[in-house]
Amino acid sequence: MSIWPDPTHLARAGEKGRLEEAELQVVDPAALQGDLPGDISPPPGQAKTGDRRERLLPRLADPDAPLLVVEGLTTHFRLGGQTVHAVDDVSFSLEDGEALGIAGESGCGKTTTALSLLRLLPSNAEVVGGSVRLFGIDLLTKSDKALQRYRWREISIIFQGAMNALNPVQRVGDQIAEPMIERQGLSKTAAAKRAGELLELVGIPKARRKAYPHELSGGMRQRAMIAMALACDPAVIIGDEPTTALDVMVQAQILELLEDLREKLGLSLILITHDLSVLAETCDRVMIMYAGRVAEEGPVGLVYGTPRHPYTQMLLRAFPDVLSGRRDLGTIPGSPPDLRTPPPGCRFHPRCPAAMDVCRTEVPPEVTFDDRVRVACHLYPPGSDGASRPLPTAVAAGEPT
Amino acid sequence: MSAAPLTVEGARRARWRLRLRNTRQFARRYATRRDGMVGAAILLVFAALAIAPTLFVGPLETVTTATGAPLEPPSLEHLLGTDEAGRDMLNLTVHGARVSMVIGLLATVITILLGAVIGIVSGFVGGRTDQVLMRLTDFFLVLPTFVLAIVLAPIILDIVGTDAEFFSIRATLFVIVVVIGLTSWASTARIIRSQTLSVRERMYVDRARVIGGGRGHIMRRHILPNVINLIVANTVLVFAGAIFTETTLAFIGLGDPFSPSWGQLLNAAQTAGAPGLGAWWMIVPPAFCVVVVILSFTLVGNALDDVLNPKAGLRR
Amino acid sequence: MNARYLARQSAQAIFTIVMIVLLNFILFRMMPGSPDRVNPRNPNITVEQRQAAKARWGLDKPLIPDQLVAFVSSTLQGDLGYSMKYQGQPVVEVIGDRFWPTILLIGLAEVIAIFGGLTLGAYTGWRRGGKTDRVGNGLSLILYSMPYFVIGMPLIIIFAAGLGWFPTSGMLTAGATYTGPLDFLADLVSHLILPLATISLGLIGGYSILMRSSVTETRAEDYIATARAKGLSDGKILRAHAIPNALLPAVTLIAINLGYVVGGAITAEIVFNWPGLGTLTVDALNARDYPVLQGIFLFLGVSVVLANFGADIVYGYLDPRVRR
């Protein structure tokens, strides 16, 4: 029997990700004072079992607004006296129950973007601009201590390579129970019981609660991490390359599990990966990043089917397609820029076969077209029809012209 | 790289140019380490004192050429006071620098040679040899080597005879050098072995490209250059340890009463009852020098290690 | 605790002890001039004792296997020969007399240093930068560079000879009579404080540096990032995640360090004239009392091996990965 209620009460009837007016709980403003309910622990001993998954929404929240809205996020690293512009003016939104994929080459800023949402950055990094609104509340204006309260309870993370992301000297069950005890005030026994139930949910026998991480296989460790991420019942789960370290069969199982949980629990998911095929399977929308900026973003089918941005096109060319005939895999000549001295204008212009003069000087504006695809490229200026401008096949394949 | 002709001469010159560039880069990076620079400066001072002590304080005062009255506290005449035989402490301490540093240097050479050879051979050859050598190394790591040194020294002295001389160094000193070397190599061997193992991993890819050349050749020309960075950083730290051990051994009485290493001076102080008498000037100068030199070596060693063997910086 | 792990560690310990006994044999029997070291023409040893020694160890028989077997079997029976300096007293007795003062001193010092050093190191390693870190690290480096007697001598000069708070040497006041156990304890403690402070300070420096670097490395691990992402408080992360993992290499290094501690303690005992194994070693050294030296080497070597074994057990308790 599932511990989670059927989340259809969150009105997923019809269009995904829209909240029904009726599901808004009326909130006592005095209790909230403009903060998210993440910091209101249930009275000790009262475990959140069975019942309705209550998500108290602040009165200020707009029921039509997306769950998470990121605007102009900019994050810099300080490296040996120089500034690395890791994330530059990145914006996106996440609807309730939606899965957004963030893709791009290594070093394009996808992980940094995700970590910036909760300011989980190393000490030499700093979010220098933008806003991150969860339920309408800007997290970036919160102090570190206040932000701590939202971690895991509203947004949790599944890191890449669970072997290192799990404490090697602590039992897996204890690690899953830990946030419930520390952050939600559950008793040790109640939390342990919940941890067992979570493990069952992700397909691990409850008895493995006592196991240490090194005693589990790679796939099971990743499942355990997923169970841990679910512990406090978050609104959003960020998966940072959750399947990259696994072999293909296990990868498929994990993705299936994530999809399953998404349906059952109405989770919203941000999936970060450099593997485009993974995104195609699990995500509703995809955002392609390059050198710290957004290149293209939109529904998966459209972005993959009719890619617009030259980078997207070349990226897709680089992935083999099982169904199509043999062809030469494309490569993108050159390498990503050094973000300490990013190129002026469009950061892709040094490698872009369609680069024009304006690309070297002006940052391309982000334009959203009618089919809800957003592109940042001078080939698609504001006011244009937004039709895809495919690169010549040879060029897209990276062959010398 | 400029188009150097593909000759042996051209290749050699290219290698030297590369080494020069690397050295300059290294020097620049090292200069940013304040602790390393301070340590290096201090060591230079002591090296100067060790090389030419007579230049600074005149010849070594012996019991017969003592210039002051016994146990005089510091005064204008004797800046650091005198010992129980009336010898000027400043004179003794500066000359002590030479003895301590020379012993330290020689002992370090032995330690590094032993440790590096065993480490590289063990790591590279692997198999049975590796197992046996590692057992031996672990044994020496567990052993209270200091006690071993204390036990070994008199035995060797007995065998050799106290008056013998090796390379114009008195037997007592020579024995200390040998004993320190024999008992300190184990941790060096361990460190170098693990580095050799990781280099060997990389080597297996390159080995296909190594045309001819037996194991010895590979060890010398391929493994050694990659391990040398580690050896250099380790050498400095071993030097610190050698001075530490020499000082302690001399303090216990295994030193040479005629060559006043700092440990020997402290031994003399202890035997003369200086602490109880409050004769701090017999104790502080050599003690201060010992601590400062060991500290400087440690700072330099740590700085070298950071510069030569950078580990991944701040991760998540 | 896995039986296999225990068995493996025990086997290693026994093997090392065997090696030590063998090394003992090599040093004292196989080196040139050896028989004289065991049975010298020393007026302190009676002719009967010398004959007995000859018979016991078969000094006129070939080295291997006869002498070796005799040596090993008599060692196992606790017969380590007779001291040359102490009028033919059995070595075991001579060592036994001096054993407890050393254990008292080193044991207490290690306990203090481990708690103090590891705590200081963990704290400074976690909160890098800032004044406490720099001062703490600097002090630790300096202490780490000081041989124990270099720490001890100034302490005597300042606190004993100078301020007169503590006696300058010895474990107990010579020729004292005590009115009761408390009186005895008071005398012991007043003598104990300076040597204890000396060795503790010497150790704290090293342990603090060790733990600091261990915690610094642990801080960069992924599971710490997970803990931060979970919204746990800084202190909780340090206590529940960082320290349990940082302790692992620390314990290993502390165990390896035990051999050095023993050596250093010898020098500390000399400075304070503490009647333990340290001063015994130096006396035996000066008198070339080889049987005693041999006995001390064996004893200290075995002690260190046993202590390492204990550390292995502790490590197995802390790190579940080795237990299989």
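Note: the structure precedes this text.
Residues numbered from 1 in each chain as written. Chains lettered and ligands numbered in written order. Predicted model: local features only at pLDDT ≥ 70, side-chain atom pairs only at ≥ 80, totals over all residues.

Q: Mind laying out the overall build of chain C, listing which residues take part and the relevant values?
A: Helices and strands together make up the secondary structure of chain C, namely twelve helices and zero strands. Helices and strands in chain C line up, N terminus first, as α-α-α-α-α-α-α-α-α-α-α-α. Summarising the internal contacts of chain C: among those between residues at least 6 apart in sequence, 73% fall at separations of at least 24. (Helix = DSSP H or I, 4+ residues; strand = E, 2+ residues; numbered from the N terminus. Contact = placed C-beta atoms within 7 Å.)

Q: With reference to specific residues and values, describe the interface of chain C and chain A.
A: Taken residue by residue, the interface counts 18 residues in chain C and 23 residues in chain A. For the side of chain C that touches chain A, the elements supplying multiple residues, two or more each, are α9 (222-229) and α10 (234-272) of chain C. Top contributing element to the side of chain C that touches chain A by residue count: α9(C), with six residues. Of the residues in the side of chain C that touches chain A, the class split is seven nonpolar, four polar and seven charged. (Nonpolar A, V, L, I, M, F, W, Y, C, P; charged D, E, K, R; others polar.)

Q: Report on the environment of A:Ala355, specifying residues and quantitative values.
A: Residue and element names in this part refer to chain A. Mapped onto the fold, Ala355 is located in the loop between α11 (310-317) and α12 (357-361). Classification of Ala355 as partly exposed rests on a count of 17 C-beta atoms within 10 Å. As for Ala355 and Val375, which are separated by 20 residues in sequence, their C-alpha atoms are 15 Å apart. (Buried ≥ 20, exposed ≤ 12 C-beta atoms within 10 Å, placed from the backbone.)

Q: Kindly report on helix α1 (residues 8-31) of chain B, identifying the contributing residues and their values.
A: Look at α1(B): 35 Å from first C-alpha to last across 24 residues, which is about the 34 Å you get at 1.5 Å a residue. Sparse coverage of α1(B) is indicated by the burial of zero of its 24 residues. (Expected span 1.5 Å × (residues − 1).)

Q: With reference to specific residues and values, describe helix α2 (residues 110-117) of chain A.
A: All names here are of chain A. Most of α2 sits out of view: eight of its eight residues are buried. Looking only at α2, the buried set comprises Lys110, Thr111, Thr112, Thr113, Ala114, Leu115, Ser116 and Leu117. Of the residues one or two after α2, Arg119 is the one with positive phi, at around 55°.

Q: How would you explain unusual backbone geometry if you had to name every residue and give the values?
A: Residue and element names in this part refer to chain A. Unusually for a residue other than glycine, Phe135 sits at a positive phi of about 55°. Positionally, Phe135 belongs in the loop between β4 (125-134) and β5 (137-138). For Phe135, a count of 23 C-beta atoms within 10 Å puts it in the buried group. Located in the positive-phi region is Trp152, a residue other than glycine, with phi close to 70°. Mapped onto the elements, Trp152 comes out in the loop between α3 (144-148) and β6 (155-158). Residue Trp152 is classed as buried on the basis of its C-beta count, with 30 C-beta atoms lying within 10 Å.

Q: Please provide a residue-by-residue account of the nonpolar core, values included.
A: Among the nonpolar cores identified, the biggest contains 261 residues, and A:Ala224, A:Met225, A:Ala227, A:Ile270, B:Ile176, B:Ile283 and C:Ile296 are the most heavily contacted of them. At 19 residues, the largest contribution of residues to this core is made by α10(C). When residues no more than four places from it in sequence are discounted, the contact partners of B:Ile176 are B:Ile103, B:Ala153, B:Glu246, B:Leu249 and B:Leu254. (Core = buried A, V, L, I, M, F, W, Y, C linked by C-beta atoms within 7 Å.)

Q: Tell me about the sheet that holds β4(A), and name the residues and values.
A: All names here are of chain A. Here four strands make up an open sheet; going across it, the order is β2-β1-β4-β5 and the pairing antiparallel. The outermost strands of the open sheet, each flanked by one partner alone, are β2 (82-94) and β5. Pairing geometry for strand β1 (residues 68-79) and β2, over nine bridges, is antiparallel. Bridged to Leu73 within β2 is Val90. Relative to the sheet, α2 contacts β1, β2 and β4, its axis offset from that of β2 by approximately 70°. (Pairing = 2+ DSSP bridges. Axes fitted to C-alpha atoms, helices over the stretch in contact; angles between N-to-C directions.)

Q: Requested: an account of the packing of α9(C) against α10(C), with residues and values cited.
A: Residue and element names in this part refer to chain C. At a closest axis distance of 10 Å, the pairing of α9 and α10 adopts a crossing angle of 150°. Classified by the interaxial angle, the pair formed by α9 and α10 is roughly antiparallel. You can see that α9 and α10 cross each other, and the crossing is right-handed. Here Tyr223, Ile224, Ala227 and Arg228 of α9 come into contact with α10, specifically with Ile237, His241 and Ala242. (Parallel < 35°, antiparallel > 145°, perpendicular 65-115°, else oblique. Left-handed = near helix turned anticlockwise from the far one by under 90°.)

Q: So what's going on with the sheet that holds strand β3 (residues 99-103) of chain A? Which residues, and what values?
A: Residue and element names in this part refer to chain A. The mixed open sheet is built from eight strands, whose spatial order is β6-β7-β8-β3-β9-β10-β12-β11. Since the sheet does not close on itself, it has two edges, and those belong to β6 and β11 (366-368), each with one partner. Geometrically, the sheet is characterised by an average inter-axis angle of 20° between neighbouring strands, direction not taken into account. Note: β3 against strand β9 (residues 285-290), four bridges, orientation parallel. Along β9, the bridge assignment pairs Ala103 with Ile288. In this fold α11 packs onto β9 and β10 (293-299), with an angle of close to 105° to the strand it touches most, β9.

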